[in-house]
Amino acid sequence: MIPATRYQRQHAVVLGLGKTGQSLWRSLHHGGADVSLWDDDAASRQRAAELGGVVLAAPQLPAGTGILAVSPGIAPSHTLVQQARERAIPLRTDLDLLY
């Protein structure tokens with residue numbers, strides 16, 4: 001696992017909690033970011049909460065969000081992606097964070 005230290009002390013939201021999203025979550029967390037999580041699937045959100053993740057109550061970017069880390073397969077039309085674009089919050093993928 002590669003810690004994403006360049007986002008240390010920033011608030012990051014990870015969208016999509018499949019294998020890549022979980023990797024993004026761990027990388028950001030171990031790199032010192034404050035991480036919140038969202039997945040449209042309630043069971044995925046529940047599993048993340050059981051593992052100690054901070055899951056958003058609704059698909060709404062919190063104030064102070066510094067980046068939105070997006071898993072592969074998330075549609076550009078997703079509400080969190082649109083919110084990030086409207087607020088000029090950078091969108092990042094696993095390749096952006098880890099390389």
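Every residue gets a number counted from 1 within its own chain, in the order that chain's sequence is written. Residue-level local features of this predicted model are given only where pLDDT is at least 70; pairs of side-chain atoms are given and counted only at 80 or more, and the full residue set underlies all totals for whole chains, interfaces and linings. Note that water and hydrogens are dropped before the side-chain values are worked out from all heavy atoms of the structure.

J.: Got a sec to walk through the sheet that holds strand β1 (residues 11–15)? Specific residues and values, please.
T.: Across a sheet, strands are paired by hydrogen bonds formed along the backbone, either parallel or antiparallel in direction. The pairing criterion for strands is at least two bridges between them, as found by DSSP. The numbering of helices and of strands both runs from the N terminus, where a helix is a DSSP run of H or I of at least 4 residues and a strand a run of E of at least 2. Strand order in the open sheet formed by 4 strands is β2-β1-β3-β4, and the pairing between neighbours is parallel. Edge positions in the sheet fall to β2 (34–38) and β4 (91–92), since each has one partner strand and no second. Pairing of β1 with β2 involves 5 bridges; the strand directions are parallel. Bridge assignment links Leu-15 to a residue of β2, and that residue is Trp-38. Against the sheet, helix α3 (residues 79–86) touches β1, β2, β3 (65–70) and β4, its axis set at about 140 degrees to β3. Should any heavy atoms of two residues lie within 4.5 Å, those residues are considered in contact. Lines fitted to the C-alpha atoms define the axes, with helices restricted to the stretch that makes contact. Angles between their N-to-C directions range from 0 to 180 degrees.

J.: Any details on α3? Residues and values, ideally.
T.: Here's how the labels work: a residue is buried when its accessible area is under 20% of the maximum for its type, exposed when over 50%, partly exposed in between, all with a 1.4 Å probe on protein chains only. The set of residues buried in α3 consists of Leu-80, Val-81, Gln-83 and Ala-84. Take α3 and look down its axis: the buried residues cluster within an arc of 160 degrees, on one side only. Summarising the contacts, the buried residues of α3 are in contact with β1, β2, β3 and β4. Backbone geometry just after α3 places Ala-88 at a positive phi near 55 degrees. The directions considered for the arc are those from the helix axis to the C-beta atoms.

J.: Can you break down the environment of Leu-80 residue by residue, with the values?
T.: On the secondary structure map, Leu-80 appears in helix α3. On a C-alpha basis, the gap between Leu-80 and Ala-42 in space is 16 Å, while along the polypeptide they are 38 residues apart. Filtering out sequence-adjacent residues up to four positions away, Leu-80 remains in contact with Leu-15, Trp-38, Pro-59, Gln-60, Leu-61 and Leu-68.

J.: Account for the nonpolar core, naming residues and giving values.
T.: Take the buried Ala, Val, Leu, Ile, Met, Phe, Trp, Tyr and Cys residues and link them wherever side-chain atoms come within 4.5 Å; each set so joined is a nonpolar core. Ranked by internal contacts, the top residues of the largest apolar core, which has 16 residues, are Tyr-7, Val-14, Leu-28, Val-35, Leu-37 and Leu-97. Non-local contacts of Val-14, meaning those with residues more than four positions away in its chain, are made with Gly-21, Leu-24, Trp-25, Leu-28, Val-35, Ser-36, Leu-37, Trp-38 and Ala-69. Leu-61, Val-70, Leu-80 and Val-81 belong to the second largest nonpolar core, which has 11 residues in total.

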